[in-house]
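# Chains, contacts and geometry: an overview
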Amino acid sequence: MAGATVFAGLAYTARTYLLSRRGQVTDRYRAAVENLASEKLEVRLGAVYSLEHVLSESAVDHEAIVRVLAGFVRHNTHSTGIPPTLPEQRNALETEPDRSSPELSADIQAAVEVLARRPKRPETRRLDLRHADLARLSLRHFEFESPPRLEWMFLSAADLRSADLRGVVLKGSILSTADMCFAWLSDARCDRAVMYKVDLRGAMLGKATFVETTLDGADLRETSGLTAQQLASAFIDAETRLPDHLVHDPWVATRLADCVAWAEGNHTKSCPPPTPQPQLPTSAST
């Protein structure tokens, strides 16, 4: 009986502690969400980081918090204009990115950073950042403990011009018709991303990966660092606009033929297996 009494007391104490802790988490969550609507930048910044603390402690609140942060970013950066769907209809590319545009607001930058380093937990739906104006966003992998993750997101029609996304993970995200002119995507992981008609003119793509990435209709003109090997595992079509040095590349031409045949044979724009580099013809021995 004495043992049972002690056990019951411990169980009651543990339950009381858990309920008290849960109540504290709920209060912190509610206060942070309310502060996101503050007119003061420093209050909004504090709210973003407070939500990150709750996010790290409470797996139960994971989806609610990341959706609140995504909604905060989307609501405060939503572009009212609808970008043209065809790359050729967009304005002519400037020779240099526009450096006169204002920096991304500190609270928006912080919110995207929190989303990019969120704990790896199951998420039932993609985070929605469609039409978000994130021009000049900075997510550089060497400023994070692990590569920043913008994976499994809706970024369709987002403005990511001149964004510094070196080493960022974009796996499985949908970026259809996004404006990524002059974006810095060196070492980025774009595998299995949907980049239909994305505008990448002037982007830096050295060592970026595009395994099973759909680049149909994408505008890759004037990009730097892009190689035929990078495109050998991506889906491209006749509307994919290539940089000058790859327009007549045999490997790219073979990959295009493979993608066209695959799409016609399977009635889908999924990626065919990687295309091996064609063997160059050898001259006959004399």
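Residues numbered from 1 in each chain as written. Predicted model: local features only at pLDDT ≥ 70, side-chain atom pairs only at ≥ 80, totals over all residues. Heavy atoms only, no water.

Attention shifts here to the overall build of the chain. Each helix and strand counted, the chain has 6 helices and 2 strands in total. Going from N to C terminus, the chain has its helices and strands arranged as α-α-α-α-β-β-α-α. Every one of the 286 residues in the chain was classed for burial, and the buried ones make up 44%. Across the chain, the fraction of contacts at a sequence separation of at least 24, relative to all contacts at a separation of at least 6, is 45%. Accessible surface computed for the chain: about 15,400 Å², of which carbon and sulfur atoms make up 56%. (Helix = DSSP H or I, 4+ residues; strand = E, 2+ residues; numbered from the N terminus. Buried < 20%, exposed > 50% of the residue type's maximum accessible area, 1.4 Å probe, protein only. Contact = heavy atoms within 4.5 Å. Areas by Shrake-Rupley, 256 points an atom, 1.4 Å probe, with all protein chains shown as cover.)

Here the focus is the packing of helix 2 (residues 41-57) against helix 3 (residues 62-77). Across the interface, helix 2 lies against helix 3 with an axial gap of 9 Å and an inter-helix angle of 155°. If you check the angle between helix 2 and helix 3, you find them roughly antiparallel. Crossing hand, helix 2 versus helix 3: left-handed. Across the interface between the two elements, R44, V48, L51, V54 and L55 from helix 2 touch H62, I65, V66, V68, L69 and F72 from helix 3. When grouped by side-chain class, the residues that make up the contact of helix 2 with helix 3 number 9 nonpolar, 1 polar and 1 charged. (Axes fitted to C-alpha atoms, helices over the stretch in contact; angles between N-to-C directions. Parallel < 35°, antiparallel > 145°, perpendicular 65-115°, else oblique. Left-handed = near helix turned anticlockwise from the far one by under 90°. Nonpolar A, V, L, I, M, F, W, Y, C, P; charged D, E, K, R; others polar.)

Tracing the backbone shows H141 in the loop between strand 1 (127-128) and strand 2 (153-154). With sequence-adjacent residues up to four places away left out, H141 is seen in contact with P148, R166 and G167.

For the structure on display, the rule yields 0 aromatic pairs. The positively charged end of R126 is found above the aromatic ring belonging to F154, 5.6 Å away from the centroid. Sitting over the ring of W184, R166 keeps its end group 3.5 Å from the ring centre. (Phe/Tyr/Trp six-rings, centres within 6.5 Å; stacked < 30°, edge-to-face > 60°. Lys NZ or Arg CZ within 6 Å of the ring centre and 35° of its normal.)

What follows is about the nonpolar core. Ranked by internal contacts, the top residues of the largest apolar core, which has 69 residues, are M180 and M195. Every element with two or more residues in this core is listed here: helix 1 (2-35), helix 2, helix 3, helix 4 (106-116), helix 5 (228-231) and helix 6 (250-266). In terms of residue count, the dominant contributor to this core is helix 4 (7 residues). Not counting residues up to four positions away in its chain, the partners in contact with M180 are L160, R161, L165, L175, L185, M195, V198, D199, L200 and A203. (Core = buried A, V, L, I, M, F, W, Y, C linked by side-chain atoms within 4.5 Å.)

Another aspect to go through is the pattern of salt bridges. Scanning the entire structure with this criterion turns up 18 salt bridges. Residue R28 is joined to E57 by a salt bridge in which the shortest nitrogen-to-oxygen separation is 3.0 Å. A residue pair is termed long-range when its members are at least 10 positions apart, and R28 in helix 1 and E57 in helix 2 qualify at 29 residues. Notably, a salt bridge pairs D199 with R201, separated by 2.7 Å at the nearest N-O pair. (Salt bridge = Lys/Arg side-chain N within 4 Å of Asp/Glu carboxyl O.)

Applying the stated criterion across every chain yields a total of 0 disulfides. Left unpaired, C259 is separated from the closest cysteine sulfur, that of C271, by 6.2 Å. Under the relative-accessibility criterion, C259 is labelled buried at 0%. (Disulfide = S-S within 2.5 Å.)

Moving on: unusual backbone geometry. In this model, F182 sits at a positive phi of 65°, which is unusual for a non-glycine residue. By the element assignment, F182 lies in the loop between strand 2 and helix 5. With a phi angle near 65°, K207 is a residue other than glycine that sits in the positive phi range. Within the secondary structure, K207 is located in the loop between strand 2 and helix 5. Among the residues examined, K207 registers a relative accessible area of 66% and is labelled exposed.

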